[in-house]
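# Fold and geometry: a report
Residue-level listing of the chains:
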Amino acid sequence: MRQVPRRTVLLAVPAMLTMSACSGSGGGDAELSNEPVTLRFTWWGSDERHRRTQEVIDLFQAKHKNITVTGEYKDWNGYWDSLATTAAAQEAPDIIQMDELYLASYAERGALLDLDTVKQHLDTSKIAKDVLATGVVDGKQYAVPNGLAAYSIVVNADLLARYGVELPDDKTWTWDDLKEIGARISTVSGGEVTGVQSWGFDMGGLNIWARQSGGRLFGDDGKVALEPDVLADYWQYLIDLAQEGAAPPPAVTVERATGSLDQSGTATNRSVFATWWNTQLTSLTAASGADLRLLALPGESTAKSRGAFHKPSQYWSIFSRSEHPAEAALLVDFLANSREAAGVMLTDRGVPVNADIRAAIEPKLDATDQAALAYLDELEVSPPPRVTPNGASNIEKILQRHTEQVLFGQVAPEQAASAFIAELQAEIDATA
């Protein structure tokens, strides 16, 4: 369901990342140094994120004259290759922007610091316990969430008005409602637009579908818990969207799913409804020039259990072999708790998890960011899913391949579901 960042190449964490004699809990009672210290800080993202992050680094250095921070910026597809290589060589950057997909893989391989060992320099008291717990692996705090996001349906209100279709009631609508409305728009527009931009290439959409069915992707034991019939139903729904004209043909869907945000059906005003993270509303609005609005996901009112959840957009982690864990923690604390830093980053990395920081930046946000915050506040959620287990980081690459095969009719949904689950479980078992 998520369509940006475009994770066209999701790389498994290589086996060479395993770090012998490295528990990931080093640091002890780390103390700050009075001597000159240089920290390396790595992140992925857009040029705008790079600019904002460098500005925050400058603010931090102005307060800590003996600390120099060197930024290492990459796009998503090169980021994980570089991090895996440097971590295996025990030369990873001190501060690491971490993603939920890879958190357990890096933590269990000993590449991340137990942040409780530097808690005298890193205050997490302003983060809700359930949110903070999303950075815990095997009982240790390996990451601090830096922002929150939630899945949503983004609707183009201008196109709805053009084709005389009313905005649906997102408190009660179903997946069948979305399909019916989407097909109607496609017909009324004479094919000029499609009612729905299809999805199926990311873990977020599958997570929602599994949770609404009363299930989940992964069990507490870290094994795949997804039922084959639930996955088959998910794919059948996506097939129906295309066959009934609600969504574009598979070739168009795949092309858009592997393109940039600006090439999406939402940004080009070619699709009326699409699934996105709520915090992407501002970028989508800027790209489309349209009146875009956020709706809650279909099916929540009739689901066996609520699918919606608050997801950390990213995390901050510290390399377990950092020579300066105290100073690294000080920078993470600045990123998480400084109003100055938040005033620069705003919602670039999601809605701040620190309630005080969020309140401080709210007056500075534009209308679309305000709408994203309101959506997060009003959304009824259930507890977030467990962290993606070690070995499952490649889930979206596997999912994309199987989804494409299903959409093109190369494999039946039932057959693909069994194959997907077996392949994903095999990857997890390989790390045991």
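We now turn to the structure provided with this report.

Rules of the game
- Residues numbered from 1 in each chain as written.
- Predicted model: local features only at pLDDT ≥ 70, side-chain atom pairs only at ≥ 80, totals over all residues.
- Heavy atoms only, no water.
- Helix = DSSP H or I, 4+ residues; strand = E, 2+ residues; numbered from the N terminus.
- Rg over C-alpha atoms; globule rule 2.2 N^0.38 Å.
- Buried < 20%, exposed > 50% of the residue type's maximum accessible area, 1.4 Å probe, protein only.
- Contact = heavy atoms within 4.5 Å.
- Areas by Shrake-Rupley, 256 points an atom, 1.4 Å probe, with all protein chains shown as cover.
- Phe/Tyr/Trp six-rings, centres within 6.5 Å; stacked < 30°, edge-to-face > 60°.
- Lys NZ or Arg CZ within 6 Å of the ring centre and 35° of its normal.
- Polar contact = N/O pair within 3.5 Å; in protein donor to acceptor, adjacent residues only side chain to side chain.
- 1 Å grid on protein atoms, 1.4 Å probe; cavity = no way out; pocket = protein on both sides within 12 Å on 5 of 7 lines; lining within 4 Å.
- Points joined across faces, edges and corners; volume = space filled by probe spheres on them.
- Nonpolar A, V, L, I, M, F, W, Y, C, P; charged D, E, K, R; others polar.

The next thing to look at is the overall build of the protein chain. Of the regular secondary structure elements, the protein chain holds 16 helices and 13 strands. Relative to the 2.2 N^0.38 estimate, which gives 22 Å for 432 residues, the radius of gyration of the protein chain is 22 Å and therefore close to what a compact globule would have. Relative to its full complement of 432 residues, the protein chain shows a buried share of 58%. Contacts in the protein chain between residues far apart in sequence, at least 24 positions, make up 80% of those at least 6 positions apart. Working note: accessible area of the protein chain is about 16,900 Å², and carbon and sulfur atoms make up 49% of it.

This part covers the packing of aromatic side chains. Inspection of every chain in the model, using the stated rule, returns 20 aromatic pairs. Pairing W76 with W80 gives two aromatic rings, centres 5.5 Å apart and planes at 70°, and the pair type is edge-to-face. Of this pair, W76 and W80 both sit in helix α2 (residues 76–88), separated by four residues, roughly a single helical turn. Residue classification places W76 among the buried positions, given a relative accessible area of 6%. The aromatic ring of W277 is capped on one face by K311, whose charged end is 5.7 Å from the ring centroid.

With respect to the helices and strands, the residue T194 is situated in strand β9 (residues 194–196). In this structure T194 comes out as buried when scored by relative accessible area, which is 16%. Polar side-chain contacts of T194 include one of 3.4 Å to the backbone oxygen of V196. Once residues within four sequence positions are removed from consideration, T194 is found in contact with S186, A246, A247, P248, R256, R270, S271 and V272.

What follows is about the environment of R349. Relative to the helices and strands, R349 resides in the loop between α12 (339–345) and α13 (355–361). Look at R349 and you get buried, because its relative accessible area is 4%. Note: C-alpha distance between R349 and Q243 (106 residues apart in sequence) is 37 Å. Those residues in contact with R349 that sit more than four places away from it in its chain are W43, R49, T53, Q97, N146, G147, S313, Q314 and W316.

In terms of burial, helix α3 (residues 100–108) is a largely internal element, eight of the nine residues being buried. Of all the positions in α3, only E100, L101, Y102, L103, A104, S105, Y106 and A107 are classed as buried. Where α3 begins, one side-chain oxygen reaches toward the backbone nitrogen of L101, 2.9 Å away; that side chain belongs to D99. Phi turns positive, to about 80°, at G110, one or two residues after α3.

We now examine the environment of A417. Looking at where A417 falls in the secondary structure, it is placed in helix α16 (residues 413–429). Residue class for A417 comes out buried when judged on its relative accessible area of 0%. Expressed as a C-alpha distance, the spacing of A417 and T172, which sit 245 residues apart in the sequence, is 29 Å. Not counting chain neighbours up to four residues away, the residues in contact with A417 comprise P228, L231, A232 and W235.

This part is about the layout of surface pockets. Roughly 410 Å³ of internal volume is contained in the second largest pocket. Surrounding the second largest pocket, 31 residues form its lining, N207, R211, P384, P385 and R386 being those nearest its centre. Those elements giving two or more residues to the lining of the second largest pocket turn out to be α3, α7 (203–212) and β12 (311–312). Among the elements that take part in the lining of the second largest pocket, α7 stands out by supplying four residues, more than any other. Class assignment of the residues belonging to the lining of the second largest pocket gives a composition of 12 nonpolar, eight polar and 11 charged.

The analysis is restricted to geometry; functional conclusions fall outside its scope.
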